[in-house]
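Summary of structural features
What follows is each chain in one-letter form.
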Amino acid sequence: NEASLELSIVIDSCMSKASLTLPSRHSTAAQVSAFTGRRGDFRRKSTFAPPHRSRRAPATAAMGGKMNDTGPVVKDLVLIGGGHSHVYVLKMLGMNKLPGVRVTLVAKEVNTPYSGMLPGHIAGHYTWDECHVDLRPLCTFAGHRLIHDEAVSIDLENKRVILKGRPSISYDALSIDIGITPAKAVQGASDFTTPVKPIYGFGERWEAILDRVLTTSTQTRVAVVGGGAGGVELALAMQHRLQAELEKAGQSADRADFKLITRGTLMPTHASSIRKTFLDIFHDRGIEVIEGDGVESVLKGELVLSSGRKVPADECIWCTQAAPQGWPGDAGLETDDGFIKVSPTMESTSHPGVFAAGDVASVVGHPRPKAGVFAVRQGPPLHDNLRRYLLGEKLVDFSPQKVFLGLISTGSKHAMASYGSVSFGGASSTGAMLWKWKDRIDRKWMKMYQEMPVMESPVPDVSEVALASGPATIAALQAVPMRCGGCGAKVGASVLSRVMARLNIPTRPEVEVGLDQPDDAAVITVPPGMVAVHTVDFFRSFVDDPYIFGQVAVVHALGDCWAMGAEPHAVLAVAQVPYGLESQVEDELWQMMSGATAVLEEVGCALAGGHSCEGAELALGFSVHGVAKRENLMKKGGMKPGQVLIVTKPIGTGTLFAADMRAKAEGRWVTKALDSMRQPSAVAAQLLVEHGAKACTDVTGFGLLGHLVEMCKGANLAAVLDLDEIPVLDGAEECLKMGITSSLQPANFRLSRAVANQDGIANNPRYPLIYDPQTAGGMLATVPKENADACIEALRQAGYPSTCRIGEIIENLPAVATAPEQVVFVQDAKNQFSATGESKERVRPIDLNNCDTGACEIPISKRQKSK
C-alpha cells in the first residue's frame, strides 16, 4: 500500500542516468564478487536497486529468451511463493546462474499481484495485467522450474516440501515468501466479509462486489474495516470506482454509501499531518470515519461495534491486521507470533538452509510493519545469501531501513507523500504530481518482471560439409536446439527399485504377469469376445514439471486407444531421465512416473512394466494394450455422408508452447492448456460410442486438418470444416499474431493442398490453427445428425465444456475443388459452403504418399495407426 520501493529507487526513477553491468557466466571471480558484494558488509548496500536491464545479453543465452542449462543438477533450490522478494531472486538467478543448481518455484497462483498497484487497479486506473507479474514467462526466461500447486507443509528432517495436489519435492535450500492471510478472530467475519488478504484474489472478489451493486437498484452500504494505510487507500479507491461505474450505468453516484471503521485512530503509524489530511479527504468525499470503536461481531447485513453501535453493511471489506499462515510453524520452524523467525541473514533461526522473506518473516532485532516496501528491499540480500549458502560461504547480515517513503493514493489520481514526520500532497496539484511520480515508480518496477530482455541465439558449430550444402541445411541445423518438445544407459537398479517402491502402481486382473511378479515380459489376457488394440507413443518433455509431463504423456498415449473405442488395460513405459546425481535422477523419475500412474489409476489402466534409461533430457513413452468389442470399434474410415463432425477439446497447444519456450506465453494461457492436455478422453470416447459414432481419431501431431484428411481419405468422402466454430485455447490466437508457431507447423502446412478453397480462406487469422500440432488433443469424431445435439450436450455435462459441432461430411468433392485431393472446404462467416457447393464428382481413393507430412504414408487399403 506504499510506493513499495526504497527512496533510492524513487530518486533513480527521476534522475538516474547510471547503468549496471551484470556479470556473465564467464566473468572472473573478482568481477562476480564486486557485483554480489560478497567480500563486504551487505548493510552498506542497503540501497541496492534492481539493475537496469539491457536489451542485449550474453551470447550464452538460448534462442528466444530462455537461459541456458548449467549441466547436471547438484543442488535443488526451492522457492515457495511468488512474492516481491522471490521475483527478484528468480530474475537474478536467471541472469547470473549458479551452475549445478536447479531452481524450482512452487506457486499457488501463476500471476502474483503487485501490492503497490492494487488500489489503482481497484480504482480502475490499471488493468489486471498491468499490476500482476506473470511468473511463467519469468521462470521460462530464467530456466527455472515452475510447479503450479500449493505448499501445505515441510518435512524438515528429510528436506521435502509437501504439496497439496501432487507428490512432495526435495530441496537442498529452501526460501519461503508466501505472504499472509486475513486475521478474522471476530465472530462472523469469516462468513460475512470480503477479505483483502491474500491479495492475489482480492481483485476478483472486488469485481464480484461491483456486479452485485450494479445489478441492484437499492442503496448499497459499504463498510471498510481497518484504519491503516491499506484500508484508507482501498476505501477511497472503491468509492471512486463504484461512483464512476454507477454514473456510466446511468445511475446516481450517491447510491453507494461508504464508512471506514477502525479500532484505534486513523493511520496510527504515520505522521499526524497525514492523518489530518486524510480525515479532510474522507469528509469531502462523504465517507464517515468511525475511530476508536472496533468491530466485535459481524452479522449478515450488520456490524456490531465495541460501543454497542450497530452499523448496517451490505458489503464489508476486511482490511485489518493480517495473520501468518499456520503451516510453517506446524512443520517445526521457529516462529514469532506465528511469523517465521529469521536472523538478519534471512535464514531461519531453527533450521539452517531454510530462508524466509516478505510478510511471512519476522527478522530478529529488526521489527518492521508488514508493508510491500520491506519485501521489495529484502530481495537483493535474500538473493545474495541464497547464493552464499549454496556455495558454502558465510552469510551476511542485512539491516532494513527504519524510515521509508510512502506514496499513498487517494482513489482519484492524486497521492500523499509520507516520509517520517514529513508529509505533503493530497487533493491538489502537488498530489497529482505525486500520483504521476508513484505511477512511474510502480510501472518501472513491474516492467523489470513483465518484459524479458531479448537474448542472442547461440551459434552452433557447423561442419564444412553442412556449409557446402547451402543455407537451407545450415538453417535446419541451427533450428535443432529449439525444436518443439511436444511431439541406453539404464537407470541404476537400486534407484529404480526405490522409485517403484514409492509408486502406487495400478493393476488389473487381466494382467497375469506384471510388476507384482517381474519377469522378462508382461502377460495379459484378452477377454472372450474382445479384440486387442495396440498403440505406442513417445516424446521428450516440453514442460519443466516432470509430474505434469507424466500426466500429459500418458493421456497422449492412451488417446489412440480411446479413439478406436477401446478400453486400455495395460501399458509398458519407456522413461528417460537426464544425467545427474543418483538422488536427483531418482526424484525426477519418481515425479514423472507419479504423474503417469495417477492418470492410469484414474482411468483403470495397469502399469505392467517398462524400461528406464538416462539421456540428455526428460522423455517418456508408452506401449498401450487395449481391448474392445469388434462392433464398437471406431475407425478413421467409418464416416458416412451427412454425419456431423465433433471435436471435444480446444486446439492451439503447438503455438502456445512454442511461445512458452520463448517466454512469450502468459501463465494463465499455459495453465489452461495443461489442464486440457491432462484431461483423459476415456469418458468422451464412451459417450461417442453410445451416440452412434463409428469414425474417430485423436487430434495430435498432424493438426486438426491433417487428421480430418486422414478420415476423409479412409472413407472416400469429403468434409466441410467450420473455422468459426472450432474451439481454441486462450492465448493461441495472440501467439499467432506474434508470429510464433510450432516447429512442426511448416510440415503440416504442406497439407493445405487438401483445402479446396485455400485462396478464399487463407486470410482468416484463425486459419493457421488447423495446421497447429496438438499434444494430448481431443477426440475428432462423426455422429449421425439426429444424435449430434444430444451427444454434444452429454459431452459437455461430462466435463468436456469445449465440445463443438465443427462441420459435416459430404459425399462428393466441393464444387470449387480443382484437384482430387481437395477434400476439405473450410468455411467462415465470409466463405460459406452452400447446398450447391458439392460437385457431381465423387471422392475416390488417392495415394497421398507425396504430401510430405508423413500423415498418409500407409496405403489406404491398410488403414491402421500411422503416427
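All values derive from a computational prediction rather than experimental measurement.

Topic: the sheet that holds strand E21 (residues 361–363)
The strand order across the open sheet formed by three strands is E18-E19-E21, and the pairing between neighbours is mixed. Unpaired on one side and paired on the other, strand E18 (335–336) and E21 mark the two borders of the sheet. Sheet topology note: the strand E19 (residues 339–342)/E21 ladder contains three bridges and is parallel. Along E21, the bridge assignment pairs Lys 341 with Ser 362.

Considering the pairing of strand E17 (residues 315–318)
Every second residue of E17 is oriented toward a common face, with Glu 315 and Ile 317 on one face and Cys 316 and Trp 318 on the other, all of them buried. Pairing of strand E11 (residues 220–225) with E17, which is carried by four bridges, proceeds in the parallel orientation. From the neighbouring strand, Ala 223 faces E17, where its bridge partner is Cys 316.

Let's talk about the nonpolar core
Core analysis: the largest hydrophobic core is formed by 117 residues, its most contacted members being Phe 622, Leu 688 and Ile 770. In terms of residue count, the dominant contributor to this core is helix H16 (residues 546–563) (12 residues). Ignoring sequence-local partners within four residues, the contact set of Phe 622 consists of Thr 535, Val 536, Asp 537, Ala 553, Val 554, Ala 557, Val 571, Leu 572, Ala 573 and Ala 596. Core analysis: the next-biggest nonpolar cluster, separate from the first, contains 73 residues, Val 89, Val 110, Leu 135 and Leu 395 among them.

Digging into the pattern of salt bridges
Here the structure, examined in full by the defined rule, presents 37 salt bridges. Notably, a salt bridge pairs Glu 315 with Arg 212, separated by 2.8 Å at the nearest N-O pair. Of the two residues, Glu 315 sits in strand E17 while Arg 212 sits in helix H7 (residues 202–214), which places them 103 residues apart along the sequence. Of the residues examined, Glu 315 reaches a relative accessible area of 9% and is grouped as buried.

A closer look at the sheet that holds strand E6 (residues 151–155)
One open sheet accounts for three strands, arranged E6-E7-E8; its pairing is antiparallel. Unpaired on one side and paired on the other, E6 and strand E8 (169–170) mark the two borders of the sheet. The pairing of E6 with strand E7 (residues 160–163) spans four bridges and is classified as antiparallel. Residue pairing for E7: Ser 153 is matched across the bridge by Ile 162.

Some points on helix H20 (residues 682–690)
Within H20, burial applies to Ala 684, Ala 685, Leu 687 and Leu 688. When H20 is viewed along its axis, its buried side chains cluster within an angular range of 165° and face the same direction. Each element contacted by the buried residues of H20 is listed here: H16, strand E33 (695–698), strand E35 (779–783) and helix H25 (788–797). The first or second residue beyond H20 is Gly 692, which carries a positive phi of 90°.

Overview of unusual backbone geometry
Although it is not a glycine, Lys 159 adopts a positive phi angle of roughly 55°. Even without being a glycine, Asp 337 presents a positive backbone phi close to 55°. As for its position among the elements, Asp 337 is in the loop between E18 and E19. Overall, the relative accessible area of 69% leaves Asp 337 in the exposed class.

Thoughts on the environment of Leu 90
Along the chain, Leu 90 turns up in helix H3 (residues 84–95). Assessed through its relative accessible area of 0%, Leu 90 is described here as buried. Considering only alpha carbons, one finds Leu 90 and Leu 79, 11 residues apart in sequence, at a separation of 8.8 Å. Leaving out residues up to four positions away in the same chain, Leu 90 has contacts with Leu 79, Val 103, Leu 105, Leu 135, Leu 138, Cys 139, Ala 142 and His 144.

Re the environment of Ala 123
With respect to the helices and strands, Ala 123 occurs in helix H4 (residues 118–123). For Ala 123, a relative accessible area of 6% translates into the label buried. Beyond its immediate chain neighbours, meaning those up to four positions away, Ala 123 contacts Ala 237, His 240, Arg 241 and Gly 411.

What about the packing of H7 against helix H8 (residues 229–248)?
Where H7 contacts H8, the axes come no closer than 11 Å and their chain directions differ by 40°. Taken together, the axis directions place H7 and H8 in an arrangement best described as oblique. Considering only the axes of H7 and H8, their crossing is right-handed. Mapping the contact onto sequence places Phe 202, Trp 206, Glu 207, Leu 210, Val 213 and Leu 214 in H7 and Leu 234, Met 238, Arg 241, Leu 242, Glu 245 and Leu 246 in H8. Each residue belonging to the contact of H7 with H8 can be placed in one class, and the counts come to nine nonpolar, no polar and three charged.

Some details on the side chain of Thr 112
With respect to the helices and strands, the residue Thr 112 is situated in strand E3 (residues 111–113). Here Gly 82 takes part through its backbone oxygen, which lies 2.8 Å from a polar atom of the side chain of Thr 112. Setting aside anything within four residues of it in sequence, one finds Thr 112 in contact with Gly 82, Gly 83, Val 87, Cys 131, His 132, Val 133 and Leu 135.

Quick look at a nonpolar patch on the surface
On the surface, Val 403, Tyr 419, Val 422 and Phe 424 cluster together into a nonpolar patch covering about 330 Å² of accessible area. Mapped onto the fold, Tyr 419 is located in strand E23 (residues 412–419).

Points about the packing of H3 against helix H12 (residues 429–450)
Contact geometry for H3 and H12: axes closest at 10 Å, N-to-C directions at 45°. Looking at the two axes, H3 sits oblique to H12. For the element pair H3 and H12, the recorded crossing hand is left-handed. Between H3 and H12, the contacting residues are His 84, Val 87, Tyr 88 and Lys 91 on the first element and Trp 445, Met 448 and Tyr 449 on the second.

What about the environment of Ala 313?
Looking at the secondary structure, you find Ala 313 in the loop between strand E16 (310–312) and E17. Taking the C-alpha atoms as reference points, Ala 313 and Arg 221, separated by 92 residues in sequence, lie 5.0 Å from one another. Leaving out residues up to four positions away in the same chain, Ala 313 has contacts with Arg 221, Ala 223, Gly 301, Glu 302 and Leu 303.

A short note on the confidence of the model for the chain
Parts of the model with low pLDDT should not have their predicted coordinates read in detail. For the chain, per-residue confidence averages 84 on the pLDDT scale, and residues scoring 70 or more make up 84% of the total. Between the elements of the chain, mean pLDDT differs from a low of 33, seen in helix H1 (residues 7–15), to a high of 98, seen in strand E32 (residues 644–647). Throughout residues 1–64 the model reports pLDDT below 50, and contacts reaching past four residues in sequence, or to other chains, amount to 151 contacts. Ignoring residues within four places in sequence, the model shows residues 848–867, a span with pLDDT below 50, making 41 contacts including any to other chains.

The rules behind the values
Residues numbered from 1 in each chain as written. Predicted model: local features only at pLDDT ≥ 70, side-chain atom pairs only at ≥ 80, totals over all residues. Heavy atoms only, no water. Pairing = 2+ DSSP bridges. Helix = DSSP H or I, 4+ residues; strand = E, 2+ residues; numbered from the N terminus. Buried < 20%, exposed > 50% of the residue type's maximum accessible area, 1.4 Å probe, protein only. Core = buried A, V, L, I, M, F, W, Y, C linked by side-chain atoms within 4.5 Å. Contact = heavy atoms within 4.5 Å. Salt bridge = Lys/Arg side-chain N within 4 Å of Asp/Glu carboxyl O. Arc of directions from axis to C-beta. Axes fitted to C-alpha atoms, helices over the stretch in contact; angles between N-to-C directions. Parallel < 35°, antiparallel > 145°, perpendicular 65-115°, else oblique. Left-handed = near helix turned anticlockwise from the far one by under 90°. Nonpolar A, V, L, I, M, F, W, Y, C, P; charged D, E, K, R; others polar. Polar contact = N/O pair within 3.5 Å; in protein donor to acceptor, adjacent residues only side chain to side chain. Patch = residues over 30% accessible without salt bridge, like charges linked within 9 Å, V, L, I, M, F, W, Y side chains within 5 Å. Areas by Shrake-Rupley, 256 points an atom, 1.4 Å probe, with all protein chains shown as cover. pLDDT = per-residue confidence, 0-100.

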